[in-house]
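Coordinates in review
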Amino acid sequence: MAMSILQCISHSPTEVNIEVALQPSPSILSLMPKCTSLRELKQIQAYTIKTHLHNTHTVLTKLINFCTSNPTTASMDHAHQIFDQIPHPDIILFNTMARGYARFDDPLRAILLFCQVLFSGLLPDDYTFSSLFKACARLKALQEGKQLHCLAFKLGVSGNMYVCPTLINMYTACNDMDAARRVFDKIDEPCVVAYNAIITSCARSSQPNEALALFRELQESGLKPTDVTMLVALSSCALLGALDLGKWIHEYVKKNGFDQYVKVNTALIDMYAKCGSLEDAVSVFREMPRRDTQAWSAMIVGYATHGHGSQALSMLEEMKKAKVQPDEISFLGILYACSHNGLVEEGYDHFYSMIHEYGIVPSIKHYGCMVDLLGRAGRLEEAYKFIDELPIKPTPILWRTLLSSCSSHGNVEMAKQVIERIFELDDSHGGDYVILSNLCARNGRWDDVNYLRKTMADKGAMKVPGCSSIEVNNVVHEFFAGDGVRSTSTVLHRALDELVKELKLAGYVPDTSLVFYADIEDEEKEIVLRYHSEKLAITYGLLNTPPGTTIRVVKNLRVCVDCHNAAKFISLIFGRQIILRDVQRFHHFKDGKCSCGDYW
């Protein structure tokens, strides 16, 4: 500003006519939006006290609005002091306070203040409930949210267009998707904001199919999607690996001008990368007129997950030259790239650069990448020590990352030490028992295998079943491990049986050592291997797509060695490119080889 707030005030008259004292002068009101700090606001407030304007509704509202617009501890405390001095605050002032607390790191105070307001006899309105539901969402306060829902219903505002989206979001944040959906279904004519809320809820609750079905319903209703709708639809396609649908949405984005939004373009990069089309992701990135940190980070992560470590590292250098500041996601992608390409020393360099050069505090994911980096390289003792010396308490996920590396390198004794550390924190995860059990089985330690399986059963620990999905003609089909073991009467299962015969003629040998049961014959082990979800999905793709078409499969777990080997043979025999996304990375199979170089 050309002059300070104090200077502006000094140019105002020091004596105020009694007749106009009840109303603040326009000059005072116009100064408030120009404040850049709480200190400047207090200077104006001091002047209003001096001129007897401090108790006018307009001034009080402006003061509280400023304090709550970008809430901090100091500004919210000051706003509360002002609010407490008002003899009879109206519901608008309370709503402003509640909105500030809901945005700030102390949402509980919004609910406590609401109790105070109820005792004063004020009647809440739709804006009141919007802020309170946001506060409950941040607090994960389901019971309080339900009580407020009942009150909103009693007052006849539960179906309000401002209340419903925040109510849906509250139930979603509290992991009650059934209630969120019931709220949406009771809306007679949902607006686009309500649709955005329920679509976002489905995506966040790992229901991407439902999110996309609602997206289609929104379009059929004649409502015009917003940039928020596009973001959620693209993220749902990314979760499913639904490339064809993602491409259709991309065309819709371009046709309707949503490509002007940096966040939408970033979502497109993420979608294409997660759907296995890295070329399209690069194309979107290069065509962006402006790129922020998130866009660069999405591209770095895309390169990393596709196994292009050198391109990911080059992208970081290009980002720095463009004077764009990398963030925690940028470095997460870089560490991931180093991990999956065996670049241990480079990984260390970037990890410490992130901390000391950029001041980024590592998250548990960054630590996990470092453990994975060391574990993949066989430096198991170093990884163990790294976890043990962390400045934060290790989570089970960190130890599980090391457990997986112990399995890959066949180190039973280290795996036993690691699983003891895991069980100190969580002994209910079935995958932990399975990894160590399989490792012991590979080493012929059947007593340990039997003990682990019995313990697993006693504790009721369950292993997540393998699931693979493939998109054909804009429909996503899912297959689960073991489908068809008991029955091979369908066209798909008969086709898979014939496929395995053809693969064997080309040199494929089922790796029955991966089936860790001592009491079944090799022929039965082959059947267990044959009906892994990846093979079922790939076979479905061979049956239902034209020759030469790329087959894209998404799996919820790590691809097994036998399926990885089979996919290489299928790509060679049928001349198909197979892009398989597992929980760790992408595998591009072509001409009998995989992009990972068998290092995954």
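Right, let's walk through the structure included here. (Residues numbered from 1 in each chain as written. Predicted model: local features only at pLDDT ≥ 70, side-chain atom pairs only at ≥ 80, totals over all residues. Heavy atoms only, no water.)

1. Regarding the overall build of the protein chain
- On a plain count of helices and strands, the protein chain comes out with 31 helices and six strands.
- Dimensions of the protein chain, computed from the C-alpha atoms along their principal axes, are close to 100 × 55 × 55 Å.
- Long-range pairs, those at least 24 residues apart, make up 64% of the contacts in the protein chain between residues at least 6 apart in sequence.
- Only carbon and sulfur atoms are counted for the fraction: they give 53% of the accessible area of the protein chain, which is about 29,200 Å².
- With 60 positive and 68 negative side-chain charges, the protein chain shows a separation of 2 Å between the mean positions of the two kinds. (Helix = DSSP H or I, 4+ residues; strand = E, 2+ residues; numbered from the N terminus. Contact = heavy atoms within 4.5 Å. Areas by Shrake-Rupley, 256 points an atom, 1.4 Å probe, with all protein chains shown as cover. Lys, Arg positive; Asp, Glu negative; His and termini not counted. Charge placed at Lys NZ, Arg CZ, Asp CG, Glu CD.)

2. Things to note about a nonpolar patch on the surface
- A surface patch of nonpolar side chains, about 260 Å² in accessible area, is lined by Leu 108, Leu 112 and Leu 139.
- With respect to the helices, strands and loops of the structure, Leu 139 is situated in helix α8 (residues 126-139).
- What makes Leu 139 partly exposed here is its relative accessible area of 33%. (Patch = residues over 30% accessible without salt bridge, like charges linked within 9 Å, V, L, I, M, F, W, Y side chains within 5 Å. Salt bridge = Lys/Arg side-chain N within 4 Å of Asp/Glu carboxyl O. Buried < 20%, exposed > 50% of the residue type's maximum accessible area, 1.4 Å probe, protein only.)

3. Some thoughts on the nonpolar core
- Judged by nonpolar contacts, the single largest core of 154 residues is most densely connected at Phe 94, Ile 199, Ile 249, Leu 402 and Val 418.
- If sequence neighbours within four positions are ignored, Ile 249 has contacts with Phe 215, Met 230, Ala 233, Leu 234 and Cys 237.
- By size, the runner-up hydrophobic cluster in this structure holds 29 residues, among which are Cys 560, Ala 567, Phe 569 and Phe 589. (Core = buried A, V, L, I, M, F, W, Y, C linked by side-chain atoms within 4.5 Å.)

4. Some thoughts on the sheet that holds strand β4 (residues 578-581)
- A sheet is described by the order of its strands in space; here six strands give the open sequence β2-β1-β3-β4-β5-β6, paired in mixed fashion. Each edge of the sheet is formed by a strand with only one pairing partner; in this case those strands are β2 (475-480) and β6 (593-594).
- Judged from the six bridges that link them, strand β1 (residues 467-472) and β2 form a sheet pairing that is antiparallel. Looking across to β2, one finds that Ile 470 is bridged to His 477. (Pairing = 2+ DSSP bridges.)

5. Here we look at helix α19 (residues 309-321)
- Counted at 1.5 Å a residue, the expected span for α19 with its 13 residues is 18 Å, and the 19 Å between its end C-alpha atoms agrees.
- The secondary structure elements touched by the buried residues of α19 are α17 (278-287), α18 (293-305), α20 (328-339) and α21 (344-356).
- Of the residues trailing α19, Lys 323 is marked for its positive phi of about 60 degrees. (Expected span 1.5 Å × (residues − 1).)

6. Comments concerning the side chain of Arg 400
- Mapped onto the elements, Arg 400 comes out in helix α24 (residues 396-408).
- On the accessibility criterion, Arg 400 (16% relative accessible area) is buried.
- Apart from residues lying up to four places away in sequence, Arg 400 is in contact with Ile 422, Asp 426, His 429 and Asp 432.

7. Some words on the pairing of strand β5 (residues 586-590)
- For β5, a buried count of four out of five residues is recorded, marking the element as mostly surrounded by other parts of the structure.
- Both β4 and β5 contribute to a ladder of four bridges, which runs antiparallel. Within β5, the residue paired with Leu 580 across the bridge is His 587.
- Between the antiparallel neighbours β4 and β5 lie four residues.
- In this structure, β5 lies alongside β6, joined through two bridges in antiparallel fashion. Bridge assignment links Phe 589 to a residue of β6, and that residue is Cys 594.
- Taking the residues that link successive antiparallel strands as the turn, the β5-β6 hairpin has two residues, and the phi of Asp 591 there is positive, at about 55 degrees.

8. Points about the packing of helix α22 (residues 364-376) against helix α23 (residues 380-388)
- Orientation of α22 relative to α23, taken along the N-to-C sense of each, is 160 degrees, at an axis distance of 8 Å. The orientation of α22 relative to α23 falls into the category roughly antiparallel. At the point where α22 passes α23, the crossing takes the right-handed sense. From α22, Tyr 367, Met 370, Val 371, Leu 374 and Gly 375 reach across to α23, where they touch Leu 380, Glu 382, Ala 383, Phe 386 and Ile 387.
- In terms of residue class, the contact of α22 with α23 is built from eight nonpolar, one polar and one charged. (Axes fitted to C-alpha atoms, helices over the stretch in contact; angles between N-to-C directions. Parallel < 35°, antiparallel > 145°, perpendicular 65-115°, else oblique. Left-handed = near helix turned anticlockwise from the far one by under 90°. Nonpolar A, V, L, I, M, F, W, Y, C, P; charged D, E, K, R; others polar.)

9. Notes on the pairing of β4
- Of the two faces of β4, the one lined by Ile 578 and Leu 580 and the one lined by Ile 579 and Arg 581 are each fully buried.
- Of the pairings in the sheet, the one linking strand β3 (residues 551-555) to β4 comprises four bridges and is parallel in character. Paired with Val 553 across the two strands is Leu 580, which belongs to β4.

10. Regarding the side chain of Arg 530
- With respect to the secondary-structure elements, Arg 530 resides in helix α29 (residues 522-530).
- Judged by its relative accessible area of 18%, Arg 530 falls in the buried class.
- Discounting chain neighbours no more than four positions away, the residues touching Arg 530 are Leu 496, Asp 497, Val 500 and Lys 535.

11. Focus: the environment of Asn 65
- Along the polypeptide, Asn 65 turns up in helix α4 (residues 57-69).
- It is 20 Å that separates the C-alpha atoms of Asn 65 and His 52, two residues lying 13 residues apart in sequence.
- Setting aside anything within four residues of it in sequence, one finds Asn 65 in contact with Thr 96 and Arg 99.

12. Examining helix α13 (residues 208-220)
- With 13 residues, α13 should cover 18 Å at 1.5 Å per step; its first-to-last C-alpha distance of 18 Å lies within 8% of that length.
- Listed as buried for α13 are Pro 208, Ala 211, Leu 212, Leu 214, Phe 215 and Leu 218. Down the axis, α13 shows its buried residues gathered within 160 degrees of arc, on one side only.
- The inward-facing, buried residues of α13 abut α11 (177-185), α12 (192-204), α14 (227-240) and α15 (243-255). (Arc of directions from axis to C-beta.)

13. Considering the environment of Ala 79
- Tracing the chain through its elements places Ala 79 in helix α5 (residues 73-84).
- Put simply, Ala 79 and Thr 68 are eleven residues apart on the chain and 7.2 Å apart in space, counted from C-alpha to C-alpha.
- What Ala 79 contacts, discounting residues up to four positions off in sequence, is Ile 64, Cys 67, Thr 68 and Met 97.

14. A short note on unusual backbone geometry
- Non-glycine residue Asn 473 carries a positive phi angle of around 55 degrees.
- Inspection of the secondary structure puts Asn 473 in the loop between β1 and β2.
- Of the residues examined, Asn 473 reaches a relative accessible area of 65% and is grouped as exposed.
- Of note, the phi angle at Asp 591 is positive, near 55 degrees, even though the residue is not glycine.
- The topology assignment puts Asp 591 in the loop between β5 and β6.
- Using a relative accessible area of 53% as the deciding quantity, one classes Asp 591 as exposed.

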